[in-house]
Amino acid sequence: MENTDTRVRFSGRFTTRKKLKKQTDFIASMRETKKRKTEEKCSQSSDLNPCEGRRIVDIQELGKNLVCTSCTECLSLQNVKSEKRLGLNSIFLVKCHRCSVLSDVATGKMHAGGRKRKVSDVNTKTVLGFVHAGVGSTALNKILACLNIPEMTSNMFKRYE
Ligand SMILES: [Zn+2]
């Protein structure tokens, strides 16, 4: 008879402690590799290209906002350091090439929404358009994915709806 101490249950099957340790070590190492890869990917994309793809912008508003808050020098979209997205509206953090100060640059206008909070025009108008067309957030995100525009979460769609 085999020593029961060395036999343990794992995923509904009996296995030896040695085999189980090997298995769990393997799973842990796979997780570690995956984590490292995604971290590398994230840091790469944020360092080299903080904002990829297309955005829906208000040309006049973007042009007006592309000014350094410190020295009033015109800013370049090639110096974007990070991006904060609120649905389809983005706020870029742009570094000034002259004084190196970081300024917030919004891609569209905001307006007062319910409960004293500001909401962005582009989100309201997009949701309004989709409700008029009789389609929901799934259809919107399919179109956005084809256009290489970051998606709007279904929660946000519902909130604007
Ligand atoms: Zn400046």
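Just above, that's the structure.
Residues numbered from 1 in each chain as written. Predicted model: local features only at pLDDT ≥ 70, side-chain atom pairs only at ≥ 80, totals over all residues. Heavy atoms only, no water.

A. Broad picture of the pattern of salt bridges. Under the definition given, this model contains five salt bridges. Note that E61 and K64 form a salt bridge whose closest N and O atoms lie 3.5 Å from each other. Within this pair, E61 and its partner K64 are both found in helix α2 (residues 59-65), separated by three residues, close to a single helical turn. A relative accessible area of 11% means that E61 is categorised as buried. Take K64: its relative accessible area is 58%, and that puts it in the exposed class. (Salt bridge = Lys/Arg side-chain N within 4 Å of Asp/Glu carboxyl O. Helix = DSSP H or I, 4+ residues; strand = E, 2+ residues; numbered from the N terminus. Buried < 20%, exposed > 50% of the residue type's maximum accessible area, 1.4 Å probe, protein only.)

B. Molecular detail of unusual backbone geometry. A positive phi angle, near 55°, is found at T72, a position not held by glycine. Note that T72 resides in the loop between α2 and β3 (80-86). Judged by its relative accessible area of 60%, T72 is exposed. At N148, a position not held by glycine, the phi torsion is positive, near 60°. Tracing the sequence through the fold places N148 in the loop between α4 (137-147) and α5 (154-160). Owing to a relative accessible area of 46%, N148 belongs among the partly exposed residues under this scheme.

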